[in-house]
Amino acid sequence: MKYFKSPGCFCLMYLFVYFFISPLLQFALQDRYLFMIVFYLLVLLLAAGYLKLCREDIKTRLRLKPLKPSAALLTVLLGFTILPAISLINNLSQLFFRDFVSSGITTSAQHPWLSILALSILPGVVEEVLFRGVIYSGLRKARPIKGIFLTALFFGIAHMNFNQFSYAFALGLVLGLLLEASGSIYSCMLLHATFNGFSVIMSIIYGLTGHSALLDQTLTTAQRIQSIVILIPVSIGFLVLSALILIAIGRISKRSGYLRTWLDKDTRRSWPNEKAASISYYAALIISFGYAVLLEIASHASSYL
């Protein structure tokens, strides 16, 4: 039972659903949005069943604590202030890795409400239950900073391609810090849904105004480098603002004193010196990275055929 309760075991369960159950669902449900809705509901059911079998108090483990309205407003603002940095990372990664996401977003305008549900709301709720809820709560038992890093690492690579990994990893770090600043997983759900929702709504607007072709446009290397140069100073400025917002959320949630203890060496030494992750966690990480490598190789090989 101890092994079953480990976050690594749950990571492997998630991969089993992703690699074996998901293709069957995709075959049975030809509609893309219906498939995504059913898939997210399935993994949510997996998380609920896992916590039930572990005899965990769901409210405590998932940190289902109320979020103050002022903290919620700041969380939405945070979703916009991190956009330049995420865009910078995305552009940098596309200098080296394939973009597997943009082509899927172009159809959002055809089903706007389904797009918002399947690409924004459900990922925001379900992925946070999985990653900042079930997985992080297990990894955090050792050290919160290490737990945030390891959770963000798996959250990034669980997207199964290196382009998404690069910015999802960065987003995962922000979400982990936000969880600790607010003490509520609802803030993470709100930030995640806001972040995803912005891209979805923009794609819908482009599609409705007849500019969907812009989403398919591939930047040349020179154009992408120009974008990167512009985004660097903008990202730095907005990251400073993001840090101030996180501090403000911590104060509103009365957790700023706790967060300041992270800067104290003596306090960090007092944290339990136990393993943050088991072999099963690293096995799940290796499997996901291996799949991403194969996907990248297959994508490059197909372009030469």
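All figures in this text were calculated on a predicted structure; none of them were measured in a lab.

Calculation notes
- Residues numbered from 1 in each chain as written.
- Predicted model: local features only at pLDDT ≥ 70, side-chain atom pairs only at ≥ 80, totals over all residues.
- Heavy atoms only, no water.
- Helix = DSSP H or I, 4+ residues; strand = E, 2+ residues; numbered from the N terminus.
- Buried < 20%, exposed > 50% of the residue type's maximum accessible area, 1.4 Å probe, protein only.
- Contact = heavy atoms within 4.5 Å.
- Areas by Shrake-Rupley, 256 points an atom, 1.4 Å probe, with all protein chains shown as cover.
- Lys, Arg positive; Asp, Glu negative; His and termini not counted.
- Charge placed at Lys NZ, Arg CZ, Asp CG, Glu CD.
- Axes fitted to C-alpha atoms, helices over the stretch in contact; angles between N-to-C directions.
- Parallel < 35°, antiparallel > 145°, perpendicular 65-115°, else oblique.
- Left-handed = near helix turned anticlockwise from the far one by under 90°.
- Phe/Tyr/Trp six-rings, centres within 6.5 Å; stacked < 30°, edge-to-face > 60°.
- Lys NZ or Arg CZ within 6 Å of the ring centre and 35° of its normal.
- UniProt positions renumbered as here; feature names shortened; annotations may be inferred.
- Salt bridge = Lys/Arg side-chain N within 4 Å of Asp/Glu carboxyl O.
- Expected span 1.5 Å × (residues − 1).
- Bend = angle between axes of the 7 residues up to and from the residue.

A separate point is the overall build of the protein chain. When you go through the protein chain residue by residue, the secondary structure sums to 15 helices and 0 strands. The principal-axis extents of the C-alpha atoms in the protein chain amount to approximately 55 × 45 × 35 Å. Counting every position in the protein chain, which comprises 305 residues, the buried fraction comes to 45%. Looking at the protein chain alone, contacts between residues at least 24 apart form 82% of all its contacts between residues at least 6 apart. Only carbon and sulfur atoms are counted for the fraction: they give 70% of the accessible area of the protein chain, which is about 15700 Å². Of the side chains in the protein chain, 25 bear a positive and 12 a negative charge, and the two mean positions are spaced by 9 Å.

Across the interface, helix α7 (residues 112–139) lies against helix α8 (residues 144–157) with an axial gap of 9 Å and an inter-helix angle of 140 degrees. With respect to their mutual orientation, α7 and α8 come out oblique. In the packing of α7 onto α8, the handedness of the crossing is right-handed. Between α7 and α8, the contacting residues are Glu127, Phe131, Arg132, Ile135, Tyr136 and Leu139 on the first element and Pro144, Gly147, Ile148, Leu150, Thr151, Phe154 and Phe155 on the second.

Inspection of every chain in the model, using the stated rule, returns 20 aromatic pairs. Geometrically, the ring pair formed by Phe131 and Phe155 is edge-to-face, given 5.1 Å between the ring centres and 70 degrees between the ring planes. On the criterion of sequence distance, the pair formed by Phe131 in helix α7 and Phe155 in helix α8 is long-range, its members being 24 residues apart. Note on accessibility: Phe131 and Phe155 belong to one class, buried. With a centroid separation of 6.1 Å and an interplanar angle of 35 degrees, the aromatic rings of Phe162 and Phe289 are classed as tilted. Here Phe162 is found in helix α9 (residues 162–182), whereas its partner Phe289 is found in helix α15 (residues 279–303), with 127 residues between them in sequence. Owing to a relative accessible area of 26%, Phe289 belongs among the partly exposed residues under this scheme. Among the aromatic residues, those joined into a ring-pair cluster are Tyr14, Tyr18, Phe19, Phe131, Phe154, Phe155, Tyr281, Tyr282 and Tyr291. We note Arg132 situated over the ring of Phe155; from NZ or CZ to the ring centre the distance is 4.4 Å.

Further remarks concern the environment of Phe149. Along the polypeptide, Phe149 turns up in helix α8. Overall, the relative accessible area of 41% leaves Phe149 in the partly exposed class. Considered as a pair, Phe149 and Tyr136 are 13 residues apart in the sequence and their alpha carbons are 9.5 Å apart. In this view, Phe149 contacts Phe169 and Leu173; residues no more than four positions away in its chain are not counted.

With respect to the element layout, Gly124 can be found in helix α7. A C-alpha to C-alpha distance of 20 Å links Gly124 and Ser70, two positions 54 residues apart in sequence. Residue contacts for Gly124: discarding those within four places in its chain leaves Met189, His192 and Ala193.

Feature annotation in UniProt places "transmembrane region" (unreviewed entry) on residues 7–27, 33–51, 71–93, 113–135, 147–178, 184–208, 228–249 and 279–298, given in this structure's numbering. Strand forms 0% of residues 147–178 and helix 88%; the C-alpha atoms that close the span are 13 Å apart. For the annotated span residues 279–298, helix accounts for 100% and strand for 0% of the residues, and the straight-line distance between the end C-alpha atoms is 28 Å.

As enumerated under the stated definition, the model contains 5 salt bridges in all. Salt-bridge contacts for Arg61 lead to Glu56; the nearest nitrogen and oxygen are separated by 3.0 Å. Owing to a relative accessible area of 27%, Glu56 belongs among the partly exposed residues under this scheme. The salt bridge partner of Glu128 is Arg132, with a shortest N-O separation of 2.8 Å. Highlighted residues: Glu128 and Arg132, both in helix α7, separated by 4 residues, approximately one helical turn.

This brings us to helix α12 (residues 221–252). Its 32 residues give α12 an end-to-end C-alpha distance of 44 Å, which sits within 8% of 46 Å, the value for a rise of 1.5 Å per residue. Within α12, the axis deviates most sharply at Leu231, by approximately 35 degrees, and proline Pro233 lies no more than four positions further along. The complete set of buried residues in α12 reads Arg224, Ile228, Leu231, Ser235, Ser242, Ile245, Leu246, Ile249 and Gly250. Tucked inside the fold, the buried residues of α12 contact α4 (69–81), α5 (83–93), α9 and α13 (256–260). A positive backbone phi angle near 60 degrees is found at Lys254, which sits one or two residues after α12.

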